[in-house]
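One-letter residues, chain by chain:
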Amino acid sequence: MTAGVPGGAAGVRAGGPGRTDTERAARLRRLALATLDANWEHDHTVPSRTLYPHQWSWDSAFIAVGLVHARPDRAWRELRTLFAAQWADGRVPHIVFNPALRAGAYFPGPEFWDSARADGAPAAATSGIVQPPVHAPAAWLVHRRAPSEASVAALRWLYPRLVAQQRYLTERRDAGGGGLAAIVHPWESGLDNSPAWDAPLAAVPADEAVMRAYRRHDTAHADAAHRPTDLDYARYVALVTAYRAGRYQDEALLGRHPFLVECPLVNAALGVSEQALARIATVVGADPGPHRDRAARITQALVERLFDPVTGTFRPRDVRADRLVPARTVLGLMPLILPDLPPAQVRAVLAEACSPRFGLAARMDRPLPTHDRTAPDFEPLRYWRGPSWLNTSWLLWRGLRGHRRADLAAGLRESMLDLVDAAGCHEYFHPDTGAGLGSPAFSWTAALVLDALAEG
């Protein structure tokens, strides 16, 4: 994709005459399947062979959504493998480590997390934190797209585990007491280095000199100017150290943990998961009513606690400071995935998305950024501080379809497909030029392309 150049006329995409939609779709499907097959690791898919050699939680959910279009057995195995490492309290760890890899192959690795010392940890080595709970919607989509006796059996196995995941987040993590889950680390949001975390992170004492004791692998595989700084990483390490010192327990977090934030994406995913669980319940013989009730309560709490009527967008809430954070990021658009979001908030989110800050349109000339592109701290190259990611675009695309904005959904879909057609299945993309950034051959990019192709 070239900056300022739309995708092209209907039926012909950017990249040269004669390149029809059908040809592009076939080409993208081949690329996506080849990427996912190359990243398959016996019972799960690694996000990439370079920087991310283990299994990541929300990556696996997105990957399953794509795999079902070509490898439905693998889609279910992806989710089963992840949930086999669920903790006794219901948390689904954000990383499940591959024991076949040498010590030190990834930082922070299993020796740093030391999950074995925590009560209720699984036999597998994992991290002690979570990621957005997008797994119930993923499981429902996998079943809906390839229903079978095997998929019903898979849902029966997953259902109590998905319920336990929801219970963990809504009960143990409600540090603010307002009915929303708080994250204890920026990594739990999935948007690791977003400007949304700058203000609450500033209160976390850290010295970047601490990083001399560790070897960062991310900067060995990507330009350091595109990655979090050493000071950012020092704060990340400090937060893990504090949480690990309490053996990853969640009692009295407000009194002892230095970072507690209610994230719009995490909590919107909680609400959507309850909606998905209501549908799954009807298949497995459970009562869908309590799930629908919880979805309504989560949506109401999210509007009451995270919607800022002054600016017309959702913002994370710093629980310790009891205030909304100032940054306007793509997180503010994510509540649109909630099917029961009130009309006033739907209109406000759409206005924010279509503003010059994000540029959503029925015909987009630049990809959707992850941070307000008019902000002084917008960084088009640095991880989550501006670049375009397919997973946040895909979530917004699904939200637009759910709220019957087919025009905007179509524009966003074309932008997503054009990005990958021009640059390949990269981890993320330059928000102006569309150039591929981060890890090449990235799994969730490939998977979500398959889904966008199938549901266009």
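Just so you know, these numbers come straight off a predicted model, no measurement behind them.

**Thoughts on the overall build of the protein chain**
Piece 1. The helix and strand inventory of the protein chain stands at 16 helices and nine strands.
Piece 2. Computed over its C-alpha atoms, the radius of gyration of the protein chain comes to 20 Å, within 12% of the 23 Å expected for a compact globule of 456 residues.
Piece 3. Along the first, second and third principal axes, the C-alpha atoms of the protein chain reach 60 × 55 × 50 Å.
Piece 4. Within the protein chain, the proportion of its 456 residues that are buried is 60%.

**So, the packing of helix α3 (residues 72-83) against helix α5 (residues 135-145)**
Piece 1. Closest axis-to-axis distance for the α3/α5 pair is 10 Å, and the angle between their directions is 155°. The pairing of α3 with α5 is recorded here as roughly antiparallel in orientation. Of the two elements, α3 crosses α5, and the hand of that crossing is left-handed. Within the contact between the two elements, α3 uses Ala75, Trp76, Leu79, Leu82 and Phe83 and α5 uses His135, Ala139, Val142 and His143.
Piece 2. Class assignment of the residues belonging to the contact of α3 with α5 gives a composition of seven nonpolar, two polar and no charged.

**Details of the layout of surface pockets**
Empty space among the atoms can be located by rolling a probe the size of a water molecule over them.
Piece 1. Its boundaries defined by the atoms lining it, the largest pocket holds a volume of some 550 Å³.
Piece 2. Lining the largest pocket we find 26 residues, and of these Pro137, Val272, Arg279, Ile337 and Arg398 sit closest to its centre.
Piece 3. In terms of residue count, helix α14 (residues 390-402) provides more of the lining of the largest pocket than any other element does, six residues in total.
Piece 4. For the lining of the largest pocket, the class distribution of residues is 18 nonpolar, four polar and four charged.

**Quick notes on the side chain of Ser48**
Piece 1. Of note, Ser48 is situated in the loop between α1 (21-38) and β1 (55-56).
Piece 2. At a separation of 3.5 Å, a polar atom in the side chain of Ser48 contacts the main-chain amide nitrogen of Tyr52.
Piece 3. Of note is the side chain of Ser48, whose polar atom sits 3.5 Å from the side chain of Ser439.
Piece 4. Setting aside its immediate chain neighbours within four residues, Ser48 contacts Asn39, Pro53, Ser439, Pro440, Ala441 and Phe442.

**So, the nonpolar core**
A general feature of soluble globular proteins is that nonpolar side chains tend to end up buried together.
Piece 1. Counting residues in hydrophobic clusters, the biggest one holds 135 residues, and the most contacted among them are Trp197, Ile280, Trp394, Leu396, Leu400 and Leu412.
Piece 2. Top contributing element to this core by residue count: helix α11 (residues 264-284), with 11 residues.
Piece 3. Ignoring sequence-local partners within four residues, the contact set of Trp197 consists of Ile183, Pro186, Ser189, Leu191, Asp192, Phe259, Val261, Cys263, Pro316 and Leu331.

**Topic: the environment of Val184**
Piece 1. Note that Val184 resides in the loop between α6 (149-172) and α7 (198-202).
Piece 2. C-alpha of Val184 to C-alpha of Ile129: the two residues are 55 residues apart in sequence and 7.8 Å apart in space.
Piece 3. Every residue in contact with Val184, bar those within four places of it in the chain, is listed here: Ile129, Arg173, Leu239, Tyr243, Leu253, His257, Phe259 and Leu260.

**Notes on the pattern of salt bridges**
Piece 1. Taken as a whole and assessed by the stated rule, the structure comprises 32 salt bridges.
Piece 2. Across the salt bridge formed by Arg173 and Asp250, the nearest N and O atoms sit 3.3 Å from each other. Of the two residues, Arg173 sits in the loop between α6 and α7 while Asp250 sits in the loop between α9 (230-245) and α10 (253-256), which places them 77 residues apart along the sequence.
Piece 3. Given the relative accessible area of 1%, Arg173 is considered buried.
Piece 4. Given a relative accessible area of 6%, Asp250 falls into the buried group.
Piece 5. Each member of the salt-bridge network shares a partner with another, and the members are Arg144, Arg145, Arg398, Arg401, Asp451 and Glu455.

**Digging into the environment of Val163**
Piece 1. Note on placement: Val163 falls in helix α6.
Piece 2. What makes Val163 buried here is its relative accessible area of 17%.
Piece 3. If sequence neighbours within four positions are ignored, Val163 has contacts with Leu277 and His291.

**Section: the confidence of the model for the protein chain**
Piece 1. Mean pLDDT over the protein chain works out to 92, with 91% of the residues at or above the 70 mark.
Piece 2. Every residue in residues 1-18 is under pLDDT 50, and counting partners more than four places away or in other chains gives 39 contacts.

**Details of the side chain of Thr35**
Piece 1. Following the sequence through the fold, Thr35 ends up in helix α1.
Piece 2. Filtering out sequence-adjacent residues up to four positions away, Thr35 remains in contact with Cys425, Ala441, Phe442 and Ala446.

Calculation notes
- Residues numbered from 1 in each chain as written.
- Predicted model: local features only at pLDDT ≥ 70, side-chain atom pairs only at ≥ 80, totals over all residues.
- Heavy atoms only, no water.
- Helix = DSSP H or I, 4+ residues; strand = E, 2+ residues; numbered from the N terminus.
- Rg over C-alpha atoms; globule rule 2.2 N^0.38 Å.
- Buried < 20%, exposed > 50% of the residue type's maximum accessible area, 1.4 Å probe, protein only.
- Axes fitted to C-alpha atoms, helices over the stretch in contact; angles between N-to-C directions.
- Parallel < 35°, antiparallel > 145°, perpendicular 65-115°, else oblique.
- Left-handed = near helix turned anticlockwise from the far one by under 90°.
- Contact = heavy atoms within 4.5 Å.
- Nonpolar A, V, L, I, M, F, W, Y, C, P; charged D, E, K, R; others polar.
- 1 Å grid on protein atoms, 1.4 Å probe; cavity = no way out; pocket = protein on both sides within 12 Å on 5 of 7 lines; lining within 4 Å.
- Points joined across faces, edges and corners; volume = space filled by probe spheres on them.
- Polar contact = N/O pair within 3.5 Å; in protein donor to acceptor, adjacent residues only side chain to side chain.
- Core = buried A, V, L, I, M, F, W, Y, C linked by side-chain atoms within 4.5 Å.
- Salt bridge = Lys/Arg side-chain N within 4 Å of Asp/Glu carboxyl O.
- pLDDT = per-residue confidence, 0-100.

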